Amino acid sequence: MAKVLMKGNEAIGEAAIRAGCKNYFAYPITPQSEVAEYLCKRLPEVDGVFVQGESEVAVGYMIFGAAGCGERVMTTSSSPGISLMSEAISYIAAAHCPAVFVNIVRGGPGLGGILPSQGDYFQATKGGGHGDYRLLVLAPDGVQEAVEMTMQAFTLAEKYRAPIMILGDGLIGQMMEPVEFRDDLKTEPTNKDDWATNGMGTRKSDTRNLVKSLFLDPQELNNNNLRLKAKYEQMKKEEVQFELYNADTDYQALIISYGTMSRVCRTSIDTMKAEGLEVAMLRPKTLFPFPEKAIFDAANKESCKSVLSIEMSMGQMVEDVERCVKGQRPVHWYGECGGDVPTPEAIVQVVKDSLK
Amino acid sequence: MQTEIKFAGFGGQGILLSAKLLAYAAMKQGSQVAWIPSYGPEMRGGTAYCTVVISDRLIGSPIIKNPTHLVAMNRPSLEKFANDIKPDGIILINSSLIPVRSNREDITELIVPANDAAIKVGSVKCANIIALSSFAAKSKLVDLDILKECVKEEFSSKPKIIPLNMDAFDEGVNIARQS
């Protein structure tokens, strides 16, 4: 298929349709409102449903409802909206339902601003909602990857019967880039009859299915948490994705960066290479599961003297990077999160300073 | 090889559209492209800026501090961005609305009375197309036939205004060639 030039937000909407998603509920918020604008036009063409909820809280439970019926369902929002949905995300995780959440992150905390940020790293990877659950978090670095990850997210959601999050940022949502929709990323829906509350009429079994998150019996609740933990352990084994850049050199420094920020770092690495300074980057494509072993190995290359976590936040991912490097190399942090994306020049300076 | 073009003006001038058309043409020619709007709480009549990056390899940072070229459709845009442009770049000045010049010796100024020329062609609304084709003809960044085809495609849902925009396109090219 030929490439088309599309805004990230619209491309995410189209990717959901191509993945077979016919249920989309959302509440508008900058910088992702174009997803809703696009899908409210596009979904009726494929017999799909778009409902604009009265709030993000309501949207969260609309997602739960559709997910509980085993339907492919997605919502998109931006930071404050995801905070409001977090309660429902916790319920959806507890009830083992598949759903796709897209967060086109803007600056926070509070209402913050509408420009790009990565300040929701903790929210996405460490909880957001309450209880012992994790989200599988995919972090695209551009429009093409946002499309691919959106399509993969539905497959992963069904594989694990769990909520999946795409963590983008305002720039990825607003930017236009050429995209290609790969049909091979579309998967057939898995059989949901043994768990979904999709009505007895379609099923052969005569036992009713129950989707719930209330477990008053301590043993039962513990078992549910063990079942969740087993999923997260499987994700750590099977779903880690990352990309290495300039790592086949004797690099002196290693940058860990994801999403939009990693593209700026790539430019900085090219600049430093031209000056004779080799620097590598490891870009996590999944933030949970985090590429723990790959970071440890890359940091421990003999030539590597310094590790830097470069992020559009005040130092969130750096805590995971430190955990992975295990004290073997000094770990530095650099970032900005007012909405201005750090420049390639600033990153070059920070890398050089870390080697002094 | 990477080239960055900043389009700037006020909301409603078709800044984002002309930038998109340039990106679209470059993509059709096989280049890597990115179109990056400066989005904010903006409204009609407010400021509108947009950067197009055209490259022969994967585009790194989409945040461009010093673009190669500038298409300035109003005075505040010229005053704000003229000094950011890299030496040897082109600065297109919409002289219908901008009485001043860039005060730069190390760039090429392309003076285009886009609004006046658009009125002559038939509607002031196509000033952005005149600026776009003028800039494309001068910079030779994209094939003019491909770009013209992109303009045509863009307006395919409004066939009535295609001839107007085709005339505007040709007029823009003429202005650049005579400059």
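Residues numbered from 1 in each chain as written. Chains lettered and ligands numbered in written order. Predicted model: local features only at pLDDT ≥ 70, side-chain atom pairs only at ≥ 80, totals over all residues. Heavy atoms only, no water.

Observations concerning the overall build of chain B
Scanning chain B from terminus to terminus reveals six helices and six strands. For chain B, the succession of helices and strands along the chain, N to C, is β-α-β-β-β-α-β-β-α-α-α-α. Taking 179 residues into account, the globule formula puts the C-alpha radius of gyration at 16 Å, and chain B, at 15 Å, falls close to it. Overall, chain B is about 40 × 40 × 40 Å in size when its C-alpha atoms are taken along their principal axes. Partitioning the contacts of chain B with sequence separation of at least 6, the portion at a separation of at least 24 is 55%. With an accessible surface of roughly 8100 Å², chain B has 51% of that area assigned to carbon and sulfur atoms. For chain B, the centre of its 20 positive side-chain charges and the centre of its 18 negative side-chain charges are spaced 4 Å apart. (Helix = DSSP H or I, 4+ residues; strand = E, 2+ residues; numbered from the N terminus. Rg over C-alpha atoms; globule rule 2.2 N^0.38 Å. Contact = heavy atoms within 4.5 Å. Areas by Shrake-Rupley, 256 points an atom, 1.4 Å probe, with all protein chains shown as cover. Lys, Arg positive; Asp, Glu negative; His and termini not counted. Charge placed at Lys NZ, Arg CZ, Asp CG, Glu CD.)

Re the domain arrangement of chain A
Residues and elements named next belong to chain A. One can read the domain layout of chain A as domain 1 (4-238) and domain 2 (242-354). Summarising the inter-unit geometry, the C-alpha centres of domain 1 and domain 2 are found 28 Å apart. Around 2300 Å² of area is buried between domain 1 and domain 2 when both sides are counted, 53% of it from carbon and sulfur atoms. Where domain 1 touches domain 2, the interface holds six salt bridges. Linking domain 1 with domain 2 are 14 residue pairs in polar contact (both at pLDDT 80 or more), by the criterion used here. Residue assignment for the side of domain 1 that touches domain 2 shows that the elements contributing at least two residues are helix H5 (121-126), strand E6 (136-138), helix H6 (143-160), strand E7 (163-169), helix H7 (170-174) and helix H8 (218-238). The element that contributes the greatest number of residues to the side of domain 1 that touches domain 2 is H5, accounting for four residues. (Domains from an automatic or database assignment. Buried area = accessible area lost by both parts, 1.4 Å probe. Salt bridge = Lys/Arg side-chain N within 4 Å of Asp/Glu carboxyl O. Polar contact = N/O pair within 3.5 Å; in protein donor to acceptor, adjacent residues only side chain to side chain.)

Details of the pattern of salt bridges
Residue and element names in this part refer to chain A. The full count for this structure, using the stated rule, is 33 salt bridges over all chains. Here Lys352 makes a salt bridge to Glu275, at a shortest N to O gap of 2.8 Å. Of the two residues, Lys352 sits in helix H12 (residues 344-354) while Glu275 sits in the loop between helix H9 (259-274) and strand E11 (279-284), which places them 77 residues apart along the sequence. One network of salt bridges, in which partners are shared, links Asp141, Glu145, Glu243, Arg266, Arg283 and Lys285.

Focus on the packing of H9(A) against H12(A)
All names here are of chain A. Remark: H9 packs on H12, axes separated minimally by 8 Å, with the N-to-C direction vectors making an angle of 65°. Compared by their axis directions, H9 and H12 come out roughly perpendicular. Our pair here, H9 against H12, has a crossing hand that is right-handed. On H12, the residues that touch Met261, Val264, Cys265, Thr267, Ser268, Thr271 and Met272 of H9 are Pro344, Ile347, Val348 and Val351. (Axes fitted to C-alpha atoms, helices over the stretch in contact; angles between N-to-C directions. Parallel < 35°, antiparallel > 145°, perpendicular 65-115°, else oblique. Left-handed = near helix turned anticlockwise from the far one by under 90°.)

Concerning the pairing of strand E5 (residues 99-105) of chain A
On any regular strand, side chains alternate: one points to one face of the sheet, the next to the other face. Residue and element names in this part refer to chain A. A large share of E5 lies buried, amounting to seven of its seven residues. Judged by which residues are buried, E5 turns out to be covered on both faces: Ala99, Phe101, Asn103 and Val105 on one side and Val100, Val102 and Ile104 on the other are all buried. Bridge count between strand E4 (residues 73-77) and E5: four bridges; the pairing is parallel. Bridge pairing links Met74 to Val100 in E5. Alignment of E5 against E7, held across seven bridges, turns out to be parallel. Its bridge partner lying in E7, Phe101 is registered against Met165. (Buried < 20%, exposed > 50% of the residue type's maximum accessible area, 1.4 Å probe, protein only. Pairing = 2+ DSSP bridges.)

A closer look at unusual backbone geometry
Residue and element names in this part refer to chain A. Look at the link from Thr30 to Pro31: it is a cis peptide, with omega at 5°. Take Pro31: it is sitting in the loop between strand E2 (23-26) and helix H2 (33-42). Pro289 follows Phe288 through a cis peptide bond whose omega is 0°. Among the secondary structure elements, Pro289 is positioned in the loop between strand E12 (286-288) and helix H10 (292-299).

As for the packing of aromatic side chains
A complete count under the given rule lists eight aromatic pairs over all chains for this structure. Between A:Tyr24 and A:Phe50, the aromatic rings sit 5.6 Å apart at their centres with planes inclined by 25°, giving stacked as the arrangement. Remark: A:Phe50 occurs in strand E3 (residues 49-52) and A:Tyr24 occurs in strand E2; sequence separation between them is 26 residues. Judged by its relative accessible area of 26%, A:Phe50 is partly exposed. Relative to B:Phe81, the ring of B:Tyr49 has its centre 4.7 Å away and its plane inclined at 85°; by these criteria the two rings are edge-to-face. Highlighted residues: B:Tyr49 in strand E3 (residues 47-55) and B:Phe81 in helix H2 (residues 75-81), separated in sequence by 32 residues. The exposure class of B:Phe81 is buried, given its relative accessible area of 6%. (Phe/Tyr/Trp six-rings, centres within 6.5 Å; stacked < 30°, edge-to-face > 60°.)

Comments concerning H10(A)
Residue pairs spaced three or four apart in an α-helix point in one direction, given the helix's 3.6 residues per turn. Residues and elements named next belong to chain A. Among all positions of H10, only Ala294, Ile295, Ala298 and Ala299 are buried. One face of H10 carries all of its buried residues, which in axial projection span an arc of 125°. Those residues of H10 hidden inside the fold are in contact with strand E9 (242-245), strand E10 (253-256), E11, strand E13 (306-311) and helix H11 (317-325). (Arc of directions from axis to C-beta.)

Points about the interface of chain A and chain B
Taken together, the contact pairs 26 residues of chain A with 20 residues of chain B. When chain A packs against chain B, close to 1800 Å² is buried across both sides, 70% of that on carbon and sulfur atoms. Scanning the region where chain A abuts chain B turns up one salt bridge. With its nearest N and O atoms 3.2 Å apart, the salt bridge here joins A:Asp270 to B:Arg57.

Description of the sheet that holds E4(A)
Residues and elements named next belong to chain A. Taken in spatial order, the seven strands make up an open sheet running E3-E2-E4-E5-E7-E6-E12, and their pairing is mixed. With one partner strand each, in any of the chains shown, E3 and E12 form the two edges of the open sheet. Adjacent strand axes in the sheet meet at a mean angle of 20° when their direction is disregarded. The pairing of E2 with E4 spans two bridges and is classified as parallel. For Tyr24, the partnering residue across the bridge sits in E4 and is Met74. Packed onto the sheet, helix H4 (residues 79-94) meets E4, E5 and E7 and runs at close to 160° relative to E5.

Observations regarding the nonpolar core
Judged by nonpolar contacts, the single largest core of 87 residues is most densely connected at A:Met74, A:Met165 and A:Leu254. Viewed by domain, this core spans two of them, domain 1 (4-238) and domain 2 (242-354) of chain A, each represented by three or more residues. Setting aside residues no more than four positions away along its own chain, A:Leu254 makes contact with A:Ala280, A:Met281, A:Leu282, A:Ile295, A:Ala298, A:Ala299, A:Cys304, A:Ser306, A:Val307 and A:Leu308. Core analysis: the next-biggest nonpolar cluster, separate from the first, contains 48 residues, B:Ile5, B:Ala117, B:Cys150 and B:Phe169 among them. (Core = buried A, V, L, I, M, F, W, Y, C linked by side-chain atoms within 4.5 Å.)

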